[in-house]
Amino acid sequence: MNKEQFEEKIKKTFLNFSNDFFSNIEKYKQYLQKVNKVMNLTRLDSEEKIYEQYFFDSLKPFENIDFFSSSISLLDIGSGSGIPGIVLKILYPEIKLTILETSLKKINFMKELCDILNIKVTFWNQRAEKIEKKQRESFDIVTSRAVAPLKIILEISIAYAKKNGILIEPKGINFQKELSEASVFIKNSKLLLENNNNDTSVLIFKKTVVTDMKIPRAWNKIISN
């Protein structure tokens with residue numbers, strides 16, 4: 001996907017996005033390519049891959065989300081070099097974005113990027129399962145991209161979402177297997193699967209109850225079963 005094709009697909013897929021989106025995307029791309037030469041942020045280093053697999057594919061799971069009904073608070077867990085969180089923030093500047101990332105080097109990259117783009121983002125340098133009490137039940141949307149199998153990512157992210165908030169989990173071709181493996185946790189947590197995206201591998205859950213304080217468990221217990 002070249003630049004022109006990217007712009008055309010964005011205009012067809014998303015409505016009423018920021019007037020500065022395309023100019024800021026170019027700034028993002030240029031800075032990513034520059035830093036990637038020394039930091040190895042992404043393997044998607046060609047122009048075509050950055051436009052399609054990095055930018056567009058990270059936005060597509062959110063094509064049917066109404067970001068205009070209110071000031072949406074969104075947590076992106078394991079954003080790495082800024083996807084999808086910063087790309088969404090460029091698209092819809094009204095989003096209240098928080099990024100949780102364990103790598104301080106990647107956080108520093110994103111902070112520099114935010115300065116270049118003149119956008120405000122909150123950063124938490126911590127492991128997701130090390131949630132603080134004040135962070136619980138805080139976000140309208142919680143998402144993550146290529147962080148962990150569904151069973152794990154749901155447990156380490158669910159407590160961050162508000163009751164009636166949503167969790168958006170883009171998955172790969174094995175999403176049905178991951179759904180099966182996570183079925184007990186989904187049932188016990190009273191999560192409702194609400195796929196309103198055309199791509200059924202994008203799993204969208206509604207959180208219907210406040211999460212038990214025992215969740216998430218310690219990491220060694222999460223990965224043990």
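Bear in mind the structure is a predicted one, so any value in this text is a computation, not a measurement.

1. Let's talk about the pattern of salt bridges
Oppositely charged side chains may form a pair once their charged atoms are brought near each other. As enumerated under the stated definition, the model contains ten salt bridges in all. The partner of Asp140 in a salt bridge is Lys162, and the shortest N-O contact between them spans 3.3 Å. You can see Asp140 sitting in strand β4 (residues 139-144) and its partner Lys162 sitting in strand β5 (residues 161-170), a full 22 residues away along the chain.

2. Quick notes on the packing of helix α2 (residues 21-39) against helix α5 (residues 104-117)
The contact between α2 and α5 brings their axes to 10 Å, and the two run at 150 degrees. Compared by their axis directions, α2 and α5 come out roughly antiparallel. The two elements α2 and α5 meet at a crossing, and its hand is right-handed. Of the residues in α5, those in contact with Asn24, Lys27, Tyr28, Tyr31, Leu32, Val35 and Met39 of α2 are Lys105, Lys106, Phe109, Glu112, Leu113, Ile116 and Leu117.

3. Digging into unusual backbone geometry
Here the bond from Ile83 into Pro84 is cis, since omega is 0 degrees, no more than 30 degrees from zero. When you line up the elements, Pro84 lands in the loop between β1 (73-77) and α4 (85-91). Residues Ile215 and Pro216 are joined by a peptide bond in cis, for which omega reads 0 degrees. With respect to the element layout, Pro216 can be found in the loop between β7 (202-207) and α9 (219-222). Residues other than glycine seldom take positive phi values, yet Lys190 does so here, at roughly 55 degrees. Following the sequence through the fold, Lys190 ends up in the loop between α8 (183-188) and β6 (191-193). Taking the relative accessible area as the measure of exposure, Lys190 reaches 47% and is therefore partly exposed.

4. Section: the confidence of the model for the protein
Per-residue confidence for the protein averages 92 on the pLDDT scale, and 97% of its residues sit at or above 70. Mean pLDDT values for the elements of the protein range from 91 in helix α7 (residues 175-181) up to 98 in strand β3 (residues 122-124).

5. Re the sheet that holds β1
The seven strands lie next to each other as β3-β2-β1-β4-β5-β7-β6, forming an open sheet whose pairing is mixed. Sheet topology places β3 and β6 at the edges, where each strand pairs with a single neighbour. Geometrically, the sheet is characterised by an average inter-axis angle of 20 degrees between neighbouring strands, direction not taken into account. Bridging between β5 and β7 involves five bridges; their strand directions are antiparallel. Note on β7: the bridge partner recorded for Ile166 is Lys206. Sitting on the sheet, α5 is in contact with β2 (96-100) and β3, with an inclination near 175 degrees to β3. Strand contacts of helix α6 (residues 150-157): β1, β4, β5, β6 and β7, with the helix running at about 150 degrees to β5, the strand carrying the most contacts.

6. Remarks on helix α3 (residues 47-59)
With 13 residues, α3 extends 17 Å from end C-alpha to end C-alpha; this agrees with the ideal 18 Å at 1.5 Å per step. Looking only at α3, the buried set comprises Ile50, Tyr51, Tyr54, Phe55, Phe56, Ser58 and Leu59. Burial along α3 is one-sided: seen end-on, the buried residues are contained in an arc of 160 degrees. The inward-facing, buried residues of α3 contact α1 (3-13), α2 and α4.

7. Here we look at the packing of aromatic side chains
Scanning the model with the defined rule gives 14 aromatic pairs in all. Judged by centre distance (5.3 Å) and plane angle (35 degrees), the ring pair of Phe6 and Tyr51 falls under tilted. Of this pair, Phe6 sits in helix α1 while Tyr51 sits in helix α3, placing them 45 residues apart in sequence. In this pair, the class of Phe6 matches that of Tyr51, namely buried. Three or more aromatic residues link up through ring pairs in this structure, and these residues are Phe6, Phe17, Phe21, Phe22, Tyr28, Tyr51, Tyr54 and Phe55.

8. Quick word on the nonpolar core
Of all hydrophobic cores here, the largest spans 48 residues; its most connected members are Phe6, Ile10, Phe21, Tyr28, Phe55, Phe67 and Ile86. Every element with two or more residues in this core is listed here: α1, α2, α3, α4, β2, α5, β5 and β7. For this core, the element with the highest residue contribution is α2, accounting for seven residues. Counting 29 residues, the second-largest nonpolar core is a separate cluster that includes Ala148, Ile152, Leu179 and Phe185.

About the criteria used
- Residues numbered from 1 in each chain as written.
- Predicted model: local features only at pLDDT ≥ 70, side-chain atom pairs only at ≥ 80, totals over all residues.
- Heavy atoms only, no water.
- Salt bridge = Lys/Arg side-chain N within 4 Å of Asp/Glu carboxyl O.
- Helix = DSSP H or I, 4+ residues; strand = E, 2+ residues; numbered from the N terminus.
- Axes fitted to C-alpha atoms, helices over the stretch in contact; angles between N-to-C directions.
- Parallel < 35°, antiparallel > 145°, perpendicular 65-115°, else oblique.
- Left-handed = near helix turned anticlockwise from the far one by under 90°.
- Contact = heavy atoms within 4.5 Å.
- Buried < 20%, exposed > 50% of the residue type's maximum accessible area, 1.4 Å probe, protein only.
- pLDDT = per-residue confidence, 0-100.
- Pairing = 2+ DSSP bridges.
- Expected span 1.5 Å × (residues − 1).
- Arc of directions from axis to C-beta.
- Phe/Tyr/Trp six-rings, centres within 6.5 Å; stacked < 30°, edge-to-face > 60°.
- Core = buried A, V, L, I, M, F, W, Y, C linked by side-chain atoms within 4.5 Å.

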